[in-house]
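# Reading the structure
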Amino acid sequence: AGQAGPTQRRLMDAQNWEQAPEHGDLQRLVDALFATEKRANRLDALILAQAHGLSDDLIEVVGLLPPMSMTRAQFCDQINSTLAAHGWGRRYGIVS
């Protein structure tokens, strides 16, 4: 009791592979964040993510960034690692 059966697990897995309506929102966030700056940090990203109305899942991804100043490449590596760990790369899109 309480555990998902094989059919439920397949449905949950399928949902993780579908593109979410928010697909591409993180890329737009990265583009906006680094439009004028060479480096950004988690707080900058969280403020911008909330201002742009990103979903709770995406706010969570941004909130898991390390609390340090990062270049665009470092920022993208961190975001993509978090997306991969959650199995959300295809759902929300990887960033560059």
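Keep in mind it's a predicted model, so treat the numbers as computed, not measured. (Residues numbered from 1 in each chain as written. Predicted model: local features only at pLDDT ≥ 70, side-chain atom pairs only at ≥ 80, totals over all residues. Heavy atoms only, no water.)

## Considering the side chain of T82
Heads up, the rule is: Numbering of helices and strands runs from the N terminus; a helix is a DSSP stretch of H or I covering at least four residues, while a strand is a stretch of E covering at least two. The criterion used for residue contact is that any of the two residues' heavy atoms lie within 4.5 Å.
Secondary-structure assignment places T82 in helix α5 (residues 72-86). If we ignore the near neighbours within four places in the chain, the residues touching T82 are V61 and L64.

## A short note on the packing of helix α2 (residues 25-33) against helix α3 (residues 42-51)
To keep it simple, the criterion reads: Each axis is a line fitted through C-alpha atoms, and for a helix only the stretch in contact is used; angles between axes span 0 to 180 degrees, taken between their N-to-C directions. Angular relationships are summarised with four words: roughly parallel below 35 degrees, roughly antiparallel beyond 145, roughly perpendicular across 65 to 115, and oblique for the angles in between. For any pair of crossing helices, the crossing counts as left-handed if the nearer helix is rotated counterclockwise from the farther one by less than a right angle, and right-handed if it is rotated clockwise.
At a minimum axis distance of 10 Å, the contact between α2 and α3 shows a crossing angle of 120°. When the axes of α2 and α3 are compared, the pair comes out oblique. Every pair of crossing elements has a handedness; the one defined by α2 and α3 is right-handed. Residues L29, A32 and L33 of α2 form the contact with α3, whose own contacting residues are D44, A45, L48 and A49.

## Some words on α3
Stated precisely, the cut-off is as follows: Note on classification: 1.4 Å probe, protein chains only; a residue is buried when its accessible area is under 20% of the maximum for its type, exposed when over 50%, partly exposed between these limits. Here, the arc refers to the directions that run from the helix axis to the C-beta atoms. Here a polar contact is recorded for every N or O atom pair within 3.5 Å, except that within protein the pair must consist of a potential hydrogen donor and a potential acceptor, and residues adjacent in sequence are included only if both atoms are side-chain atoms.
Buried within α3 we find A45, L46 and A49. Burial along α3 is one-sided: seen end-on, the buried residues are contained in an arc of 100°. Those residues of α3 that are exposed and aimed more than 90 degrees away from the buried face are L43, I47 and A51. Looking at the buried residues of α3, the elements they touch are α2, α4 (56-63) and α5. Here α3 starts with a cap whose side-chain oxygen sits 3.0 Å from the backbone nitrogen of L43, and that cap is N41. Of the residues trailing α3, G53 is marked for its positive phi of about 70°.

## Focus on the packing of aromatic side chains
The cut-off we apply is this: In summary, the pairing rule links any two rings of Phe, Tyr or Trp, Trp by its six-membered ring, whose centres are within 6.5 Å, and it sorts them by plane angle into stacked for under 30 degrees, edge-to-face for over 60 and tilted for everything else.
Going through the model one piece at a time under the given rule, you end up with 2 aromatic pairs. Plain terms: the ring middles of F34 and F75 are 5.5 Å apart, the flat faces sit at 70° to each other, and that makes the pair edge-to-face. Here F75 lies in helix α5 and F34 lies in the loop between α2 and β1 (39-40), a separation of 41 residues in the sequence. When sorted by exposure, F34 lands in the same class as F75, which is buried.

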